[in-house]
Structures are given as C-alpha cells and as structure tokens.
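Read off the chains here:
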Amino acid sequence: MIKSLPQAPPARPFLKWVGGKGRLLSQYQPWLPQHYHTYYEPFLGGGALFFHLQPRQAVLSDVNGDLVNVYQCVRDRIHEVTHHLQIHSARHNQDYYYQIRASTPSTQAEQAARLLYLNKTCFNGLYRVNRRGQFNVPMGRYHQPHIFNPALLKAASQALQGIQIHTSTFADLLQANLSPEDFVYFDPPYHPVSATSNFTSYSQNTFTAEDQTQLQAVFCHLAQQGVQVMLSNSDCEFIRDLYQGFYIHQIYAARSVNSNPSKRGKIPEVLITSYAKPT
Ligand SMILES: C[S@@+](CC[C@H](N)C(=O)[O-])C[C@H]1O[C@@H](n2cnc3c(N)ncnc32)[C@H](O)[C@@H]1O
C-alpha cells in the first residue's frame, strides 16, 4: 500500500492581528476582481486577503516597520526565524516573556522571531508601543499558547517568494506607477462608529478622520485611472458620505463575545468598490 505524504498546509495568516479579515473573506468573494495584474495591499496587518488570493505579483506594505520586517524575514530568512522561534517556544514562561519584551535583538531575523513570539503570547495579540517605540503589551493568560507552526510558516514563506514588501504609508501609492489592470485592497484602521469604539491605535499614530479623507482622495485618484479599488471600513455616515458615488456593499461581522447580551450579534461593515461587477 502506498502511504500518502502529509500534505503541506495552505498558506494563511501567521499573526494574530486586530482587524484581521479571515472570517469575512466569504462575504468579500463576490466582489473580488477575477483578473488583475498586480495586487496591492497597503494596510497589510495579518494579510488575510493576500493569503487567500496568493497572487503571483503583489506589493505589500504597512506603516509598521516591525511588522514589515517580519514578512521580509519570513520570505527571506525562514530558517533563522524558525530557529529563534524554537528557542522562544522551549523557554516560554512569564519571566522569559518580560525578558524578551525588554530586549533589543541585533539581527532582523531575531527581531522578527521576537515579534512573532510576543504576538502569540501577549494579551489578545495586540501590537502597542510606547512613545519610545517599545512594545508594552502585558503577557496574555494562556495555559499553553501555540507559539508557532513550522509548516504554516513555511507555507507562508513560499507564498511570499517574489512578492515586494516594504514599509510605507498608504499615500505613497500616489507615487507608485499603477496600471489600470492592477487591484488595490485598502483595509485601514476603521473609523469609530461611536466614542467608545475607538480602536485605531495600531501604530504610534492614530488614524484620524483627516487620514480617512486623505485615503478617500487616494481611492478616487486610483479609481479615475481605471485601477480596480476595494476598501473595508465601518458602516457609518461619515464613511458612506465620503464614498458616495462608489459601490457600497454591506457586510456583517460577528461581534466578539460580550457580557452584555444586547451587544452580541452581528455588526454591519462596508466593503466599497470602484467597480460595479468584478471583471
Ligand atoms: C485593519 S489592520 C489590517 C488588517 C489586515 N487586512 C488583516 O487581514 O489582518 C490595519 C493596518 O494598517 C496599518 N496602518 C495604520 N496606519 C497606516 C498608514 N497610514 N499607512 C499604511 N498602513 C497603516 C496598521 O499598522 C495595521 O497593520
């Protein structure tokens, strides 16, 4: 009898990232263009849509340089990253967590492994730094955190081969020479729907209403060039007003478990496209 070899897992996000889109992809599916040349994802985060699409040509970017370094190292230095993660996994305990949190690794691969380790063991996978840029999230309360899956990291590394990855802000897309055959997916920090829902501190700077307006100008500029543009955001008047004239689709996201029963359920979000029907 021929024994089949264990199958490599498909590539998928390897970081816990606030705002990750993994659970919304099936609702995005009908609005994804079927044909495009280069895929751009300028608010990379956990990269759920990139891993779903696995395009051959892509430009991935984020304003968070530590995060970008992780992707670059997973693409180029997977063996070194894996080696350091094995050490972190074996040594993990509370003292070790705070020791690594306070450390400043000297190589890029060590920096990447440090972020991956902290991401899987810190409170809720949050990424937060103080004014000096030092990561300051406390340890999470996990019995046995699953720190890394070597096969998954390898699959991600393969999906990232040949992909351009860099640190930049979304506005830099205005200088990039996009062609009308390209597809851009914007997943910015969401505009708060209420005063208490403001979770926009992904990096040192918060994403303001002014940033949302600037992003809309970039969206319009690209759409006018014929680029296929898609954007996610919260469903609120401000965002609907900004993007009036484009195609606004309602999406429902599951709200995380809330002790208040009136706050459980599905919350509407919007997916905005510059095109009517995907081509
Ligand atoms: C909602 S998350 C993206 C989630 C991602 N699509 C996923 O599936 O995990 C937003 C990302 O935008 C990045 N970001 C915030 N401000 C930015 C800016 N001005 N330019 C580019 N990226 C920015 C943050 O660092 C964060 O990684």
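In the annotation of an unreviewed UniProt entry, the entry for the protein reads Site-specific DNA-methyltransferase (adenine-specific), and the organism field reads Petrachloros mirabilis ULC683. What the UniProt record of the protein gives under Catalytic activity (unreviewed entry) is the line "a 2'-deoxyadenosine in DNA + S-adenosyl-L-methionine = an N(6)-methyl-2'-deoxyadenosine in DNA + S-adenosyl-L-homocysteine + H(+)". Note on the protein: under the UniProt heading Sequence similarities (unreviewed entry), the record states "Belongs to the N(4)/N(6)-methyltransferase family."

K.L.:
Describe the overall build of the protein, naming the residues involved and giving the relevant values.
P.N.:
From N to C terminus, the protein includes nine helices and seven strands. Computed over the C-alpha atoms, the radius of gyration of the protein is 19 Å, within 12% of the 19 Å expected from 2.2 N^0.38 for a compact globule of 279 residues. Along the first, second and third principal axes, the C-alpha set of the protein runs to 55 × 50 × 45 Å. Looking at the 279 residues of the protein, the share that counts as buried comes to 32%.

K.L.:
Account for unusual backbone geometry, naming residues and giving values.
P.N.:
Phi at Gln-54 is positive, roughly 45°, even though this residue is not glycine. Structurally, Gln-54 is set in the loop between α2 (48-53) and β2 (58-62). In this structure Gln-54 comes out as partly exposed when scored by C-beta crowding, with 15 C-beta atoms within 10 Å.

K.L.:
How would you summarise the site of the ligand if you had to cite specific residues and measurements?
P.N.:
Surveying the vicinity of the ligand reveals 23 residues, the closest of which are Gly-19, Phe-43, Gly-45, Gly-46 and Ala-48. Each residue belonging to the shell around the ligand can be placed in one class, and the counts come to 12 nonpolar, eight polar and three charged.

K.L.:
Pulling in residues and values, what's your account of the UniProt feature "binding site: S-adenosyl-L-methionine" (unreviewed entry) in the protein?
P.N.:
Under the local residue numbering, the UniProt record ascribes the feature "binding site: S-adenosyl-L-methionine" (unreviewed entry) to Trp-17, Lys-21, Asp-62 and Asp-187. A count of 25 C-beta atoms within 10 Å places Asp-62 in the buried class. Locating Asp-187 in the fold gives a position in the loop between β4 (183-186) and α8 (209-224). In contact with Asp-187, not counting residues within four places along its chain, are Gly-19, Lys-21, Phe-43, Gly-45 and Ser-232.

K.L.:
Run through the nonpolar core, naming residues and quoting values.
P.N.:
Counting 57 residues, the largest nonpolar core has Leu-60, Val-70, Val-74, Ala-112, Leu-116, Val-184 and Phe-186 as the members making the most contacts within it. For this core, the element with the most residues is helix α6 (residues 108-121), which contributes seven residues. Both domains that meet at this core, namely domain 1 (22-63 + 168-273) and domain 2 (72-157), each give it at least three residues. The contacts of Leu-60, once residues within four sequence positions are left out, are Glu-41, Leu-44, Gly-47, Phe-50, Tyr-71, Ile-163, Gln-164 and Ile-165.

K.L.:
So, the sheet that holds strand β7 (residues 266-273): which residues are in play, and what are the values?
P.N.:
Spatially, seven strands are ordered β3-β2-β1-β4-β5-β7-β6 in an open sheet, and the strand pairing comes out mixed. At either end of the open sheet lies a strand with only one pairing partner, and these are β3 (164-167) and β6 (247-254). Here the average twist between neighbouring strands, direction ignored, is 20°. In the sheet, strand β1 (residues 39-41) pairs with β2 via three bridges, with the strands oriented parallel. Along β2, the bridge assignment pairs Glu-41 with Leu-60. Relative to the sheet, helix α3 (residues 65-76) contacts β2 and β3, its axis offset from that of β3 by approximately 155°.

K.L.:
Got a sec to walk through the pairing of β2? Specific residues and values, please.
P.N.:
When a strand is regular, its side chains alternate between the sheet's two faces. Within β2, five of the five residues are buried, which leaves the element mostly enclosed by the surrounding structure. What you see with β2 is no split at all: Ala-58, Leu-60 and Asp-62 on one side and Val-59 and Ser-61 on the other are buried throughout. At this point the chain moves from β1, through α2, to the parallel β2, and the crossover so formed is right-handed. Two strands pair when backbone bridges link them, and β2 and β3 are joined in this way by four bridges, in the parallel orientation. From the neighbouring strand, Leu-60 faces β3, where its bridge partner is Ile-165.

K.L.:
Now, about the environment of Lys-266: what can you tell me, with residues and values included?
P.N.:
Tracing the backbone through its elements, the reader meets Lys-266 in strand β7. Assessed through the 10 C-beta atoms surrounding it within 10 Å, Lys-266 is described here as exposed. Between the C-alpha atom of Lys-266 and that of Thr-206, which follows or precedes it by 60 residues, the distance is 26 Å.

Thresholds applied
- Residues numbered from 1 in each chain as written.
- Predicted model: local features only at pLDDT ≥ 70, side-chain atom pairs only at ≥ 80, totals over all residues.
- UniProt positions renumbered as here; feature names shortened; annotations may be inferred.
- Helix = DSSP H or I, 4+ residues; strand = E, 2+ residues; numbered from the N terminus.
- Rg over C-alpha atoms; globule rule 2.2 N^0.38 Å.
- Buried ≥ 20, exposed ≤ 12 C-beta atoms within 10 Å, placed from the backbone.
- Near = placed C-beta within 6 Å.
- Nonpolar A, V, L, I, M, F, W, Y, C, P; charged D, E, K, R; others polar.
- Contact = placed C-beta atoms within 7 Å.
- Core = buried A, V, L, I, M, F, W, Y, C linked by C-beta atoms within 7 Å.
- Domains from an automatic or database assignment.
- Pairing = 2+ DSSP bridges.
- Axes fitted to C-alpha atoms, helices over the stretch in contact; angles between N-to-C directions.
- Right-handed = clockwise from strand over helix to strand, strands pointing away.

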